[in-house]
Each structure stands twice: as structure tokens, then as C-alpha cells.
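Residue-level structure breakdown
Chain residues, written in single-letter form:
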Amino acid sequence: MNGMSVEMNVIGQTIDEAGKSAPGTPRTVLEVRDLCVAYGKVEALSNANLRVGEGQIVTVIGPNGAGKTTMLSAIMGLLESRGQVIFDGEAEYVPRVERMVARGMNLVPEKRELFAEMSVEDNLLLGAFQRYRSGKRDHAETMKEVYHLFPRLEERKAQLAGTLSGGERQMLAVGRALMAKPKLLMLDEPSLGLAPLIVREIFRIIGELRRRGVSILLVEQNARAALQVADYAYVLETGEISMEGPAKQLADDPRVIEAYLGLGGKHQDRLAA
Amino acid sequence: MDIQIALLLAQDGITNGAIYALLALALVLVFAVTRVIFIPQGEFVAYGALTLVMIQAGTVPATLWLLLGAGVLAAAVDARGALASGQKGRLAGVLAWNVGYPAVLAALLYGLPLATLALPLQVLLALLVVVPMGPLMYRLIYQPIAAAPVLILLIVSVAVHVGMVGLGLLFFGAEGSRTPAFSEARFELGPMLVNGQTIWVIAASIVLIVALYLFFGRTIYGKALRATAMNRNGARLMGISPALAGRLTFLLAALIGALSGVLIAPITTIYYDTGFLIGLKGFVAAIVGGLASYPIAAAGAVLVGLLEAFSSFWASAYKEVIVFTLIIPVLLWRSFTSHHVEEEE
Ligand SMILES: Nc1ncnc2c1ncn2[C@@H]1O[C@H](COP(=O)(O)OP(=O)(O)OP(=O)(O)O)[C@@H](O)[C@H]1O
Ligand SMILES: [Mg+2]
């Protein structure tokens, strides 16, 4: 699996070579301004501000029920929200899922939402639906690339998605999103419920994707792993962003260490990874 | 009843069963993708058959006006949407499809010597008029309420059905009609005399079912429809919009309905309101399949067709009663052995 050659660069789109090597701030792929979401009268997300630079991994950590999934769903247009989502230089006041997908944003949702009664290969193929529809018929090539990243999926390509193991399902969900060749990939708890070894594998692939130029917004409860792989991090608590900073800096912050990295907490099992 | 008659009835039953099977497939498909219980499915059968009758009589089919009207409405709705979201570029396409297409079709229908055209061309024209009404119906009626509960969608379907039957009376009059058979050929098959139209119906049904099977199994659009039926949210995240899936599904349902009408028009006298009972039998078959299983629905359709044929021999006046009564135990058995189709949310 280490033969991940650099010349295979089919998945990542729009890598601005100059921007990548420059030490300054890279071009902004996603900017979220004052995003608010309410379920009925209960506000689940209030005035969230966030930025993802091109080729960066940005992570959002926070406890259960903080509003992380809510935030990703609102950015994607799955939920109604107030505020502004500026993606790839163009503002969306009312994001609509199909339009966001067409513009190059893809979400791997917390619930995975696989097509259970379809084969692994058909699931992957449908990941390229939007591209196919707009006339870009390069799915065979992209699929090879995805199989290269996840050899397990190729071994099981004829198997029904509903019969995969948890780890394989997660790989399929990520692989399916990659079939769309996203400019921005949003991952909602990719390590959820996975054994340490698989978690490490998933994070290795997240790092690999960044190397290929995919910008990533990563929501995680596994704070240690997330802060290790990310460039920049936000802490979301009860619907509000309470802290932000470069990932290394946050990892050393005593408040973060106590709440999210401290031993004896609920994350201990995962830290073993 | 001797074997000769039994075979004849079986032949009738299987012919009708093939049509019910097609309608059942359409109903299952529409429900799986859009959660709409598609009562007006039968109206497409009547519209298809009677539009062909009008074309064969050399008159411009009245259904053309419905197509034009719906097209103009859809163009207005879509144009408003395109302008509101600042996508002026989409206007040309919106107008071409919704208004341009019916206009070109109208020109064809007025220009061609309809009565003397070859039968396949007449059939093609009838389909070109009736089938686009499916996606237009979805666009105008179901798409705005796509998120409504199943019950609301059902009530709307009943309203659409009543409306279409009324328009059918207006378009076609109260007289029933038949079209000439596709083929007058008759074959001896053992002790049985098989007529040509029966072969046509069964062959066309099989071809259509195989074509649908390939569409759903092999093409990305077919897979996208299945994906929407399996997991609407997952499909949306792939960029498969429910509106696109809905329109595509209604296109298929209208095609299946209209083609069924064209196929049975030579065997059965079709009135403006005949579609409902035909559709209802397809619906019973679909229910036997739990509105979810295509093979069981198809088998149920053949069962309904056979029941109908044999009961019409013994007690012709009561044939509908017998069909719908005998189906109750099957439904009870199905409801105890299969899990229900759950309503979402
Ligand atoms: N559909 C809904 N209706 C009402 N409340 C909801 C709904 N979805 C989420 N919530 C509430 O909104 C809050 C934020 O939920 P959310 O799923 O975004 O949290 P999260 O940060 O993703 O948590 P976790 O780490 O457990 O996934 C929670 O209190 C939750 O109960
Ligand atoms: Mg969550």
C-alpha cells in the first residue's frame, strides 16, 4: 500500500501548484459566515464562522450533540440554514444539495447512506452520477484510482454494500464520494465505530488525499488523530465555535487537552490507535 | 368445460395478465421512487389506446391540446424558477422542451395524412403525444408536493385520476372503440388456436420487461432510480435530484401505460373510463408484491388475469366481484408473511 505514486493524480481537482508551495495562506475553498441552524425553536448551530483553504485539512472537534453533523448538513444544503456559504469563490445563500455536488462539494455522511442492495461497484459508479450527467465520462479511470486507494473494495466489488463490514462500509462511503472528484470533501466522523487498525488506515488515506490536492473538512470525535492530521482546527461546543487555531497549537492547549485529549476520558480506547 | 375452452380462457388470462404485469411494474416503480400511489396509471392506458383510435380515424388527437396546455404551464413554472435563481441560460432549454416539442408535434399531426400512415408510425405518434404527459404531470402536480406524506399524495392521485377521466370524456366522447389487430394471423398450437394479437401482447410485454430489466441493471440512470428508491438521502448526496428521478419514473410509467393501451386496444373495447379497472387490477398485482417486489407483482398479475378469464366464463356479470373477492385471501396471506412497506419519517 505504500506504492501510492505521486503521478496518479486523477482524484484531486484544481491543485494550484503555486498556492500549495507558498508559505502564505492558500486560496479559500470554503468560507462559512454566520451560519445558524434551528430545529424548530431550538438553535443547534449559532453564528458559525469557518474557513477551509485549498489543499488543507480542517477539522471540527467537539462532544456529542455539539452540532457538528448539523453544520455539515447545512453547508451541504441538506438542512435549511441562515447565513452564507461561500464555496469556490461563489456565495450560496440557500445551498441546494444537487447544486453543491455539481459544483464539487461532497459529503460522507455520519450514517454513510450507502445503497445497501447494490453492489460495491454500482455504489461507486453512482458516486460519479453528477459528473456523468454533465458529460464527464471518466468514471472507469477514477474507479481504478479508488480501487488503488482501497484494494479491499476491489476484492469485494460484486458484494452487496449492505453485507460489508463496518470498516469496509466506511471505505466504500469515502470511495463513493471520491468518484465525484471533489474539490472539497467533507467527512463526518470517518472513524466512528471502527477498530484502531482501521482508524489508522482511514487517517492514512485522509493524509494521502490531501497530498493529492483534495481539500478536506473533517468532523471527528477522535480528537487526537484529527489534530495530528489537520492543518487547522475548530472546537464546536453546544452549537458555538468556542476555540480555533492551527491544529498543532490546539493540541497543546490545556483546555483542549483536558476536555478532548486527556486520558481516562471516553476517547481512551481510540487513543490506543 | 372441456380442455379446448380451458386453454382458450388460459390464453385470455395470460394475455390480460401480461398487461396487468406491466402496469404493476410501473406502479411498484412509481411508488418506490416517489412514494406516489399512482391511481391515474390506468388513464394512460385509455389515453394511449384512444389517441391511436383518433389518429387512425384521421383526426388530430384531442390529447394534443392537453400536452400543449401542460407544456405551456410547465414552461411558465420553470422559467420563473430559472429567473428567480438567476440562471437565464436555462430559459432556452425550458422553452424548447416544454413548448417547442408540443408545437413541432402539432405541426406533424396537422401535416401528415394520419389515416393512411403505416400502423407503426400511427402507434409512434400516439406515444409521442401521450407519454410526455407523464413527466409533465410530475413537474406540475407531484414535484411541488414531493415531501408530502403518502396519504396526501394518494388523495392528489385520486383527484388527478378523476380529472383525467373527465378530460377523457371531453376528448374522446362516451363511445367505446377498438383498433384493428396488429396481425390477423392465427396459429395452431397443439389443440389450441392462438391469435396473432395475443402473441403481440405477450411478446411486447416480454420485450418491455427485459428492456426495463436491462435499464435498471445496466445503465447509470436506471441505477440512479433504484438508488433513489433505496435511499433518497444517499442519492441526493450523489447529485441525483428527486425531481429528476420523479420525472424519469413518470416518463417510464406513462410509456408503459400508453403502450399497454395500444396493445390491448384490438382485443378489448376501450372507453374513456376503462383505464381505471385495468389499472386497478395492475394495482392488486402490485399490492400482492407488497409494492416492492417486481417478480412477485408480475406473478400476481398473471394470477389476476387467469382468475378474471375463468370467472368471466362461469359468471360473466360477476367477474370483477369474483376477481377482487378472491384476491382478498392472497392479500391477507401476504400481509401476514411479509413486512410492510414502511412510511418514511
Ligand atoms: N432532526 C432533528 N430534530 C431535532 N433536533 C435535532 C435533529 N437533529 C439533531 N438534533 C439535535 O441537534 C443537536 C446537534 O446534533 P448533531 O447531530 O449536529 O450533533 P453532533 O455534534 O454531530 O453529535 P455526534 O458527535 O453525536 O454526532 C443535538 O442536540 C441533537 O439532538
Ligand atoms: Mg454527528
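Residues numbered from 1 in each chain as written. Chains lettered and ligands numbered in written order. Predicted model: local features only at pLDDT ≥ 70, side-chain atom pairs only at ≥ 80, totals over all residues. Heavy atoms only, no water.

1. Focus: the packing of aromatic side chains
All names here are of chain B. To keep things clear, this is the line we draw: Think of it this way: a Phe, Tyr or Trp ring, Trp meaning its six-membered ring, pairs with another when their centres are within 6.5 Å, and the plane angle makes it stacked under 30 degrees, edge-to-face over 60, tilted otherwise. To qualify as a helix, a DSSP run of H or I must reach at least 4 residues; to qualify as a strand, a run of E must reach at least 2; elements of each kind are numbered from the N terminus. Partly exposed describes any residue whose relative accessible area lies between the buried limit of under 20% and the exposed limit of over 50%, with all areas from a 1.4 Å probe on protein chains only and scaled to the type maximum.
According to the stated counting rule, one finds 14 aromatic pairs over all chains in the structure shown. When the centroid spacing of 5.5 Å and the interplanar angle of 75 degrees are considered together, the rings of Tyr47 and Phe172 count as edge-to-face. A residue pair is termed long-range when its members are at least 10 positions apart, and Tyr47 in helix H2 (residues 41-56) and Phe172 in helix H7 (residues 150-172) qualify at 125 residues. Assessed through its relative accessible area of 0%, Tyr47 is described here as buried. Their ring planes at 45 degrees and their centres at 5.2 Å tell us that Tyr142 and Phe250 sit as a pair that is tilted. Of the two residues, Tyr142 is situated in helix H6 (residues 133-142) and Phe250 in helix H11 (residues 242-264); the sequence distance between them amounts to 108 residues. The residues Tyr142 and Phe250 share a single accessibility class, namely buried.

2. Quick look at the sheet that holds strand E1 (residues 28-39) of chain A
Residues and elements named next belong to chain A. Quick note on the threshold: Note: two strands are recorded as paired if DSSP finds a minimum of 2 bridges between them. Here the axes come from fitting lines to C-alpha atoms, over the contacting stretch only for helices, and the angles between their N-to-C directions go from 0 to 180 degrees. Residue contacts are counted whenever heavy atoms from the two residues lie within 4.5 Å of one another.
Pairing within the open sheet is antiparallel, and its 4 strands lie in the order E2-E1-E4-E5. Every other strand in the sheet has two partners, leaving strand E2 (42-53) and strand E5 (90-92) as the edge strands with one partner each. The average undirected angle you get between the axes of adjacent strands in this sheet is 15 degrees. Most of the contacts of helix H2 (residues 68-76) go to E1, to which it runs at about 115 degrees, and overall it touches E1, E2 and strand E4 (82-87).

3. Overview of a nonpolar patch on the surface
What counts is decided by this rule: The residues that make up patches have over 30% relative accessible area and no salt bridge, and they are joined within 9 Å when like-charged or within 5 Å when they are Val, Leu, Ile, Met, Phe, Trp or Tyr. In short, Shrake-Rupley with a 1.4 Å probe defines the accessible areas, and a residue's cover is counted only from the protein chains shown. A pairing counts as a salt bridge when a side-chain nitrogen of Lys or Arg comes within 4 Å of a carboxyl oxygen of Asp or Glu.
Taken together, the side chains of Ile206, Val210, Tyr213 and Leu214 of chain B present a nonpolar region at the surface, about 410 Å² in accessible area. Summarising the element assignment, Ile206 of chain B is placed in helix H8 (residues 196-218).

4. Details of the site of ligand 1
All names here are of chain A. Definition in use: Throughout, the term near means that a residue has one or more heavy atoms lying within 4 Å of the molecule or strand in question. Polar contacts here mean pairs of N or O atoms no more than 3.5 Å apart (in protein, one a potential hydrogen donor and the other a potential acceptor; neighbouring residues in sequence count only if both atoms are side-chain atoms). Amino acids are sorted into nonpolar (Ala, Val, Leu, Ile, Met, Phe, Trp, Tyr, Cys and Pro), charged (Asp, Glu, Lys and Arg) and polar (every other residue, Gly among them).
Around ligand 1 sit 13 residues in total, of which Asn64, Lys68, Thr69, Thr70 and Glu110 are the nearest. A distance of 2.5 Å separates an oxygen atom of ligand 1 from a polar side-chain atom of Thr70. In the complex, the protein chains occlude 57% of the 630 Å² of accessible area that ligand 1 would expose alone. Among the elements that make up the shell around ligand 1, the one with the highest residue count is H2 (3 residues). Of the residues assigned to the shell around ligand 1, the class counts are 4 nonpolar, 6 polar and 3 charged.

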